[in-house]
Amino acid sequence: MKDSKFCLNLWCNVLFLILLVTFTNAETHYHEFVVQATAVKRLCRTQNIITVNGQYPGPTLEVRNGDTLVVKVINSAQYNATIHWHGIRQMGTPWADGPEYVTQCPIQPGAAYTYHFTVKNQEGTLWWHAHSRWLRATVFGALIIYPKLGVSYPFPQPTTEIPILLGEWWNSDPMDVLRQALFTGAAPNVSDAYTINGQPGDLYRCSNRDTTKFFVDSGDIILLRIINAALNQQLFFTVANHKLTVVGADAAYTMPFTTRTLMLGPGQTTNVLLTADQTPGRYYIAARAYASARNAQFDNTTATAILEYKSALCSARKGFLSKPTLPQLPAYNDTATVAAFTTQFRSPSNVKVPIEIDEDLFLTVGLGFVNCNPGPQCQGPNNTRFAASMNNVSFVLPSTTSLLQAYYQGIPGVFTTDFPAVPPIKFDYTGSVSRALWQPTFGTKLYRLKFGSRVQIVLQDTAIFSTEDHPIHLHGYHFYVIAQGFGNYDSGQETANFNLIDPPKRNTIDVPAGGWAVIRFVADNPGAWLMHCHIDSHLTWGLATVFLVENGAGQLQSIESPPADLPPC
Ligand SMILES: *[C@@H]1O[C@H](CO)[C@@H](O)[C@H](O)[C@H]1NC(C)=O
Ligand SMILES: *[C@@H]1O[C@H](CO)[C@@H](O)[C@H](O)[C@H]1NC(C)=O
Ligand SMILES: *[C@@H]1O[C@H](CO)[C@@H](O)[C@H](O)[C@H]1NC(C)=O
Ligand SMILES: *[C@@H]1O[C@H](CO)[C@@H](O)[C@H](O)[C@H]1NC(C)=O
Ligand SMILES: *[C@@H]1O[C@H](CO)[C@@H](O)[C@H](O)[C@H]1NC(C)=O
Ligand SMILES: *[C@@H]1O[C@H](CO)[C@@H](O)[C@H](O)[C@H]1NC(C)=O
Ligand SMILES: [Cu+2]
């Protein structure tokens, strides 16, 4: 009698322990983000910038696949704010996505909002950033997703991991730069510096004392988690003398390949392994512009950090350390190097690419111009104001409610669902485009997708003003990049070349300058999902659209009611 009871208890205990282990595997992480003005000194001057918790870059969030994040954002700054969790799929949590006037109204000064979401089947490097006007220039940080407890990386275990955030710096308030550009209609002032983990580095004035340094031992395998958080600029990235083995991008593993130089569009992340196998010494890590538009101004400066072997420090007397070696960087307009790099991406194993297609979209992406009467508000080229569009629609955000609220609550008059699936006018997209085609229309036009529909989108760059590389980011989803190329997309010719076996999975695709890219995904996440150019000046000009993904018939396939603290407009 006593024995059998003991056995039963033991059995219960074992069961309880198993359950405990299973459940404690997934954790909930609570954070408080205070958006606030913070004085920082860069490039010889002290300036107030907006930060999270006084940090630039902001705090790094570290979670495991399957964990839940609960982040209370308290806005103590003078600007409206929202936070977007870039690349998080937000399955079932569309109210936590963050873009202002798309999934929520902004958190106004003095108000707060708590973002609550779970990481599902994603591993790698993502990031978070403000998604309200140009606040993200200084409001961003890393979001690192480790594999579940007990699961290892599909590559050699690194000795060290280093997040590298590439940023863009103005010697003035970025919100003033935006305000000025919106007033004049001209291109916004280019930045004054790029930053690596918040510091511009040795090649700028008053910066060498604070240059970011990473100390390593000979033989170390270092996982660099590189994030392009720059506001408006694609960047080349390289480390002097060292090879970089790409193992992941946008929180998905990739088939490893080795390169000297990376290129990241704003919004993209790349994980690389670097082995400290060079003569102990000091090596520059460098980032500078990949600028593909012709006759457009850009910031041509170079940000640096230093990779320093610890033994180099020991063997050198203090103050006599050798000058770090500077790496070679491609020319600013080296599109061939970019293409050679990006076309090497593959998924590590066969993936489930949608084969049948229900929605076949063809979207032009590019700039445009609005004719205006000469004057202070008509400072774009030849009496125009800059604009940008997808399929000739320059996207306009609502201002009285968010699109998701308008959809969920059935508020009329906020948007229409007539975004065109194909360009309204066919033309030689990458050739010489007639002036009559340069001026887009403006509207809040959304595109409806049935739950579960299999979507293909051809993204086609245009030569209006200039051909240019556009990093197109899709919220709420990742997608497969099944093809890319130069010139005008020709379905008759290209379909046979689609990679339906092991294409890379991404959340941001750099549409080649003067070229096109084809992506596919399944619309399995109901909500209002922004797709836009991640160059914020282009987004400001309207290079965006929104997919309205309808509810499915099954359980957990409907948009849940909004959280009680969702900010009002
Ligand atoms: C933009 O650049 C112009 C010319 O250098 C300068 O006069 C102006 O103050 C700048 N605007 C801002 C907001 O920094
Ligand atoms: C950067 O551009 C400026 C003019 O805007 C030019 O004077 C300078 O030589 C350029 N620097 C490099 C490294 O190309
Ligand atoms: C890149 O720029 C250089 C010098 O500015 C120019 O000579 C060259 O033609 C450009 N190359 C391309 C591919 O645009
Ligand atoms: C502005 O006009 C000049 C002279 O006609 C022309 O060369 C240039 O391409 C025009 N630029 C734009 C952006 O319209
Ligand atoms: C865009 O729409 C405007 C207004 O209808 C028209 O003038 C222009 O030619 C169109 N451009 C393109 C590329 O479709
Ligand atoms: C901040 O958001 C509120 C609510 O949408 C809006 O009324 C206000 O104009 C916004 N302020 C700025 C400076 O955009
Ligand atoms: Cu763009």
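All figures in this text were calculated on a predicted structure; none of them were measured in a lab.

A. Quick peek at the overall build of the chain. The number of helices and strands found in the chain is seven helices and 32 strands. The C-alpha atoms of the chain give a radius of gyration of 24 Å, which matches the 25 Å a tight globule of 569 residues would have. Viewed in the frame of its principal axes, the chain has a C-alpha envelope of about 90 × 70 × 55 Å. Relative to its full complement of 569 residues, the chain shows a buried share of 57%. Pairs at least 24 apart in sequence give 79% of the contacts found in the chain among residues at least 6 apart. Carbon and sulfur atoms form 53% of the exposed surface of the chain, whose accessible area is close to 23,400 Å². Between the centroid of the 38 positive side chains of the chain and the centroid of its 40 negative side chains there is a distance of 5 Å.

B. Broad picture of helix α2 (residues 174-184). Those residues of α2 not exposed but buried are Pro174, Met175, Val177, Leu178, Ala181 and Thr184. Contact partners of the buried residues in α2: β21 (384-390) and α7 (536-540). Two or three places before methionine 175, at the opening of α2, aspartate 173 has a side-chain oxygen 2.8 Å from that residue's backbone nitrogen.

C. Just the sheet that holds strand β2 (residues 45-52), in detail. Sheet architecture is open: four strands sit in the order β2-β1-β4-β6, paired in mixed fashion. Of all the strands in the sheet, the pair left with one neighbour each is β2 and β6 (112-118). Strand after strand, the sheet turns through a mean of 25° between neighbouring axes, direction not considered. As judged from the eight bridges shared by strand β1 (residues 28-42) and β2, these two strands associate in the antiparallel manner. Along β2, the bridge assignment pairs lysine 41 with threonine 46.

D. How the structure looks around the coordination of the copper ion (ligand 7). Within the protein, the copper ion (ligand 7) binds to His470 (ND1), Cys533 (SG) and His538 (ND1); these donor distances fall in the range 2.0 to 2.1 Å. Donor residues binding the copper ion (ligand 7) come from one chain and are separated in sequence as H-x62-C-x4-H. For cysteine 533, a relative accessible area of 0% translates into the label buried. Among the residues examined, histidine 538 registers a relative accessible area of 3% and is labelled buried.

E. Highlighting the domain arrangement of the chain. Taken domain by domain, the chain consists of domain 1 (14-146), domain 2 (160-342) and domain 3 (359-557). Contact residues are listed per partner, giving 25 residues for domain 1 and 30 residues for domain 3. Of the roughly 2,100 Å² buried between domain 1 and domain 3 on both sides combined, carbon and sulfur atoms contribute 58%. By the criterion of area lost to domain 3, the three top residues of domain 1 are Arg89, Tyr101 and Val102, representing 32% of everything that side buries. At the surface where domain 1 touches domain 3, the tally comes to two salt bridges. Notably, a salt bridge pairs arginine 89 with aspartate 524, separated by 2.8 Å at the nearest N-O pair. For the interface between domain 1 and domain 3, the tally reads 18 residue pairs in polar contact (both at pLDDT 80 or more). Counting residues per element, the ones that place at least two in the side of domain 1 that touches domain 3 are β5 (83-86) and β7 (124-130). The class makeup of the residues in the side of domain 1 that touches domain 3 is 10 nonpolar, 10 polar and five charged.

Quick notes on the rules
- Residues numbered from 1 in each chain as written.
- Chains lettered and ligands numbered in written order.
- Predicted model: local features only at pLDDT ≥ 70, side-chain atom pairs only at ≥ 80, totals over all residues.
- Heavy atoms only, no water.
- Helix = DSSP H or I, 4+ residues; strand = E, 2+ residues; numbered from the N terminus.
- Rg over C-alpha atoms; globule rule 2.2 N^0.38 Å.
- Buried < 20%, exposed > 50% of the residue type's maximum accessible area, 1.4 Å probe, protein only.
- Contact = heavy atoms within 4.5 Å.
- Areas by Shrake-Rupley, 256 points an atom, 1.4 Å probe, with all protein chains shown as cover.
- Lys, Arg positive; Asp, Glu negative; His and termini not counted.
- Charge placed at Lys NZ, Arg CZ, Asp CG, Glu CD.
- Polar contact = N/O pair within 3.5 Å; in protein donor to acceptor, adjacent residues only side chain to side chain.
- Pairing = 2+ DSSP bridges.
- Axes fitted to C-alpha atoms, helices over the stretch in contact; angles between N-to-C directions.
- Donors = N, O, S within 2.8 Å, 3.2 Å for Na, K, Ca; no water.
- Domains from an automatic or database assignment.
- Buried area = accessible area lost by both parts, 1.4 Å probe.
- Salt bridge = Lys/Arg side-chain N within 4 Å of Asp/Glu carboxyl O.
- Nonpolar A, V, L, I, M, F, W, Y, C, P; charged D, E, K, R; others polar.

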